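Listed below are the residues making up each chain.
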Amino acid sequence: MKTVLAGRDLVLGYDGRTVLDRVSLEIGEGEFFVIIGPNGAGKTTLLKTLAGLERPQRGTVTVFEKNLTRMGRRDLARVMALVPQQLPLDFPFTVADTVLMGRSPHLGLLGLESARDREIAAAAMGFTDILHLRDRTLDQLSGGERQRTVIARAICQEPRLILLDEPTAALDPAHQLKVMDLMERFCREQRVTVVMVSHDLNLAALYGSRLLLLHRGRVAALGSPAEVLTEELLFEAYGCRLQVDVNPLAGVPRVTPVPGRVRGLSAGGED
Amino acid sequence: MRSRPVFDKFGLRLLGVILVLGLLLAGSLLLGLATGSSRASLADGWQALWGGGSSTMATIIWQIRLPRVLLAATVGATLALGGLVFQALLRNPLAEPYILGVSGGSAIGAISGMLLGFSSFPGVTLASFSGSMAVLAVVLLLTGSSRRLRASISKDGLLLGGVMMNAFCGAVIMFLISISRHTEMQQILFWLMGDFSLMTRERLPLLLLAVPCFLLIAIHARPMNLLLLGAEAAAGMGVAVSRTIVLLLVATTFMVSVVVSQAGLIGFVGLVVPHVFRVLLGPDHRLLVPASLLGGASYLIVCDLLARLLPAAGEMPVGILTALIGAPLFIFLLWRAKK
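Residues numbered from 1 in each chain as written. Chains lettered and ligands numbered in written order. Predicted model: local features only at pLDDT ≥ 70, side-chain atom pairs only at ≥ 80, totals over all residues.

A. Summary view of the overall build of chain B. On a plain count of helices and strands, chain B comes out with 16 helices and 0 strands. The globule rule puts the C-alpha radius of gyration for 339 residues at 20 Å, and the 21 Å found for chain B is close to it. Taken along the three principal axes of its C-alpha coordinates, chain B extends 60 × 60 × 35 Å. In chain B, once contacts between residues fewer than 6 apart in sequence are set aside, the share between residues at least 24 apart is 75%. (Helix = DSSP H or I, 4+ residues; strand = E, 2+ residues; numbered from the N terminus. Rg over C-alpha atoms; globule rule 2.2 N^0.38 Å. Contact = placed C-beta atoms within 7 Å.)

B. Quick look at the overall build of chain A. For chain A, the helix and strand inventory stands at 10 helices and 12 strands. Computed over its C-alpha atoms, the radius of gyration of chain A comes to 20 Å, within 12% of the 18 Å expected for a compact globule of 271 residues. Its C-alpha atoms put chain A at 70 × 40 × 35 Å along the principal axes. Within chain A, buried positions represent 44% of all 271 residues. For chain A, contacts bridging at least 24 residues in sequence account for 65% of all contacts bridging at least 6. (Buried ≥ 20, exposed ≤ 12 C-beta atoms within 10 Å, placed from the backbone.)

C. Highlighting the interface of chain B and chain A. Of the residues lining the interface, 22 residues belong to chain B; the matching set on chain A comes to 30 residues. Mapped onto the side of chain B that touches chain A, the elements with two or more residues apiece are helix 1 (10-34), helix 11 (221-227) and helix 12 (231-236) of chain B.

D. Representation of the sheet that holds strand 1 (residues 3-14) of chain A within the structure. All names here are of chain A. Within the open sheet, the 4 strands sit side by side as 2-1-4-5. Their pairing is antiparallel. Bordering the open sheet on either side are strand 2 (17-28) and strand 5 (66-67), each of which pairs with just one other strand. Sheet analysis places strand 1 next to strand 2, joined by 8 bridges and oriented antiparallel. Opposite L5, over in strand 2, you have I27 as the bridge partner. Each of strand 1, strand 2 and strand 4 (58-63) is contacted by helix 1 (residues 43-50), which is oriented at about 125 degrees to strand 1, the strand it contacts most. (Pairing = 2+ DSSP bridges. Axes fitted to C-alpha atoms, helices over the stretch in contact; angles between N-to-C directions.)

E. View of the nonpolar core. Judged by nonpolar contacts, the single largest core of 176 residues is most densely connected at L163(A) and A234(B). Looking at this core element by element, the count peaks at 18 residues for helix 3 (residues 55-89) of chain B. Dropping the residues within four chain positions of it, A234(B) is found in contact with P223(B), L226(B), L227(B), L229(B), V239(B) and V241(B). (Core = buried A, V, L, I, M, F, W, Y, C linked by C-beta atoms within 7 Å.)

F. Main features of the pairing of strand 9 (residues 210-215) of chain A. Residues and elements named next belong to chain A. The buried fraction of strand 9 is high, at 5 of 6 residues. Pairing analysis gives 4 bridges linking strand 3 (residues 32-36) to strand 9, with the strands arranged parallel. By the bridge assignment for strand 9, I35 is matched with L212. Bridge count between strand 9 and strand 10 (residues 218-223): 5 bridges; the pairing is antiparallel. Within the sheet, the bridge partner assigned to L212 lies in strand 10 and is L222.

G. Molecular detail of helix 4 (residues 102-115) of chain B. All names here are of chain B. The terminal C-alpha atoms of helix 4, which comprises 14 residues, lie 20 Å apart, in line with the 20 Å expected from a rise of 1.5 Å per residue. Along helix 4, 12 of the 14 residues are buried, which leaves the element largely enclosed by surrounding structure. Next to the buried residues of helix 4 lie helix 5 (120-143), helix 7 (157-178), helix 8 (182-193) and helix 13 (241-263). One or two residues past the end of helix 4 sits G117, with phi positive at roughly 80 degrees. (Expected span 1.5 Å × (residues − 1).)

H. Summary view of the packing of helix 3 of chain B against helix 10 (residues 210-218) of chain B. Residue and element names in this part refer to chain B. Where helix 3 contacts helix 10, the two axes come as close as 11 Å, and the packing angle between them is 35 degrees. Here helix 3 and helix 10 pass one another in a crossing that is left-handed. Contact with helix 3, carried on its side by T74, T78, L81 and V85, involves A210, F214 and I217 of helix 10 and no other residues of that element. Of the residues that constitute the contact of helix 3 with helix 10, the class distribution is 5 nonpolar, 2 polar and no charged. (Left-handed = near helix turned anticlockwise from the far one by under 90°. Nonpolar A, V, L, I, M, F, W, Y, C, P; charged D, E, K, R; others polar.)

I. Up close: the sheet that holds strand 6 (residues 80-83) of chain A. All names here are of chain A. One open sheet accounts for 6 strands, arranged 6-7-8-3-9-10; its pairing is mixed. Either end of the sheet is taken by a strand with one partner, and the two such strands are strand 6 and strand 10. Each strand of the sheet is rotated relative to its neighbour by a mean of 15 degrees, with strand direction disregarded. Where strand 3 lies against strand 8 (residues 193-197), 4 bridges are found, and the strand directions are parallel. Note on strand 8: the bridge partner recorded for I35 is V197. In the packing of helix 9 (residues 231-238) onto the sheet, the strands contacted are strand 9 and strand 10, and the crossing angle to strand 10 comes to about 155 degrees.

J. Region of interest: helix 5 (residues 143-156) of chain A. Residue and element names in this part refer to chain A. For helix 5, spanning 14 residues, the distance from its first C-alpha to its last is 20 Å, which sits close to the expected 20 Å at 1.5 Å a residue. Within helix 5, 11 of the 14 residues are buried, which leaves it mostly tucked inside the rest of the structure. Residues of helix 5 that are buried: R146, Q147, R148, T149, V150, I151, A152, R153, A154, I155 and C156. Residues of helix 5 that are buried sit in contact with strand 6, helix 3 (95-100), helix 4 (115-127), strand 7 (161-165) and helix 6 (173-190). Positioned one or two residues after helix 5, E158 has a phi angle of 50 degrees, which is positive.

K. Quick peek at the packing of helix 4 of chain B against helix 5 of chain B. Residue and element names in this part refer to chain B. At a closest axis distance of 7 Å, the pairing of helix 4 and helix 5 adopts a crossing angle of 145 degrees. Handedness of the helix 4/helix 5 crossing: right-handed. Counting all contacts with helix 4, which are made through V102, G104, G105, S106, I108, G109, A110, S112, G113 and M114, the residues of helix 5 involved are G123, V124, A127, S128, F129, S130, G131, S132, A134 and V135. When its residues are assigned to classes, the contact of helix 4 with helix 5 shows 9 nonpolar, 11 polar and no charged.

L. A look at the pairing of strand 11 (residues 242-246) of chain A. Residue and element names in this part refer to chain A. Where strand 11 lies against strand 12 (residues 253-257), 5 bridges are found, and the strand directions are antiparallel. Residue Q243 lies in a different strand from strand 12, and its bridge partner there is T256. Linking strand 11 to strand 12, which pair antiparallel, is a turn of 6 residues; within it G251 sits at a positive phi near 75 degrees.

M. Structural detail: unusual backbone geometry. All names here are of chain A. Although it is not a glycine, D129 adopts a positive phi angle of roughly 60 degrees. Within the fold, D129 resides in the loop between helix 4 and helix 5. For D129, a count of 13 C-beta atoms within 10 Å corresponds to the partly exposed category.

N. Representation of the environment of S209(A). Residue and element names in this part refer to chain A. As for its position among the elements, S209 is in the loop between helix 7 (201-207) and strand 9. Separated by 50 residues in the primary sequence, S209 and P159 have C-alpha atoms spaced 19 Å apart. Aside from chain neighbours lying at most four places away, what touches S209 is E31, F32 and F33.

Following this line, the structure appears as C-alpha cells:
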C-alpha cells in the first residue's frame, strides 16, 4: 500500500507543555483512519500538524513522500482538503458559492472559475445532497446541512486526502450516520484517504480501517479497531471503565460506557 | 418546471460591474474637468475640453482642474479600497482605512511640518508620510511574528491597538493645535478635514505609487473571500495566510499614507463606499474590489465638485461633504435592503 501521509517522531509543545510526544504514524492510500483519545490528548493538534497548520518542534510530516515544509500551501491544497471543527457563523456567502470556493487551489491569478469548475462544484453538492440549499447562506442552515456544505466544499477541492476534525460532533444520530456514510462512500469510490478525529468510539469502530489512540500526546495504540478498542487500553487512556464486546452488526468492537451505579454492582469493589 | 442553473454567470456580473462603474467614473471625470468655480459656464468648459474655446480656459482645465480631479479620483479609489481590505482582514464592519493609526501618525507628521514652517510640498507631504510609516512600523513591531499576528487579528488585538494608537495621536494633535498660532490653525484644520485646493501638477507622479497596491489587492480578492471562513479553513484551501495578511496590511497602509500625505484626512469614504457596494453586489470581493475602486473614485470627484461649487465664495473642505452625502445615502440603502 502506498503511503500518502506520514508523521515521524513529531514533537510539539506550547509554553513548556508537551502536546505531542514522539508521535509516528503512516497512513496508506484509501484508508479510513480515525484518531481517537480523551479530551486534551492532542488529537486536534496532531491533525493540524499533519495539515501543516502547526509546525512541530521536532520530526517531519510527509505528504506523498514529500516533506510538508517544502510544499507551498497551494500545492498542498491541491492534494489535501481540510474540514476544520468550527466555521464562523457570520459567513455571508451562499451554499453554492461556499462549495465553489473549494476550487481555489486550482484557479489562476484572478480566481475566476471555468464551466468545468462549476460542474465539479455542482457534482460535489449533489454528492452530499445540498443542491436544494444552494441559495441559502450558512447561518440559515441546520448543523447537519452546514456540515454537508463544508464537506462538499472539501470534495470540490478534488483532494487525494481529506482531514476532518470531529465532523459528527453536535449532530443527531441520523446526521452522524449520513456524514459518516458520505465519507465512507467518498473513500471507497474515489480511493480518497480519509483522516478523521472523532470522539465517538463506536463510529470509529464501525467505519475506521485503522485507529490511533492518543493519550497525553503519545500513541497509546495503533491498529485495527479490534486491536485498539480493548478494555485495558481504553481504561488506561480514558481513566474509566468502558465495556467492550462484539457488535453483532458488523463484528467490530462495541464500546459501552459503564455508569457508576452499574459499576458498583457488577465489579464488586473495583475502584 | 425548468431547473435553474446552480451557478450564476460570474464573469458577466463582473463585466457588468466594471462597465457600469467605469462609465460612471468617465462621466464624473468629464464633469469634474468641465465645471469649476471660475465664472466660465459649463458650455465653455465643455468646449475647451475638446480643444475649442479660449486658451485661458484650456489652461485652467489642464493645469488646475486635471491634477485636482485626478487627485480626487485616486484618493477616493484608495480610501474605498483600503476600507474594504481592512473590513475583510479585521472582520469588522466598522473598520476603515485609518483604523490602525495611519490617520493619527500622518496628522502628527503633517501638523509638525506646518508648525516648523515646511513648505506644503514636498515638506509637509513628506512629514505626513513619515508619520504614518512610523505608525505602520510600530504596528508591525508590536504584532511581531506571523503567529502572533494571526492571533492578534482573531482576538481583535490589532483593532484595539489601532484604536489606542489613534487615541494617543489624537491627544498629541490637540496639544500641537493648542500651541499653534491663529494663522497656522486654519491650515491645520483644513488638512484635518481633507483638502484638495493645494493640488498641483508636480504632485501627480506621486499618486502613481498607489497603482501597484491596487493591483496587488486585486489579485488577492479571492483569498480575502476565503479568509472570511477563518484562517485555518483558508489555509486548507491553499492561502498562505500570514503572508497574505501582511502583504495586504502593508500595501493598504502604504497607499493610504500616500494619498493622505497629499490630501489630508478625508473621512467616511473608506467606511461607506465598501458597505454601499456590499448592499448592492453581495459579499464577493472579486466584485467589491473593482467596484470600490471605480465607485470610490467617482464618489470623491463628485463630492469635490460640489465642494468647489456650493459655497458662494471660496470652497469648503471636501471632507465635510463626503459624510454629509454618504451617511444619508447609506442609511437609505440599508433601509431599502431591509424591506
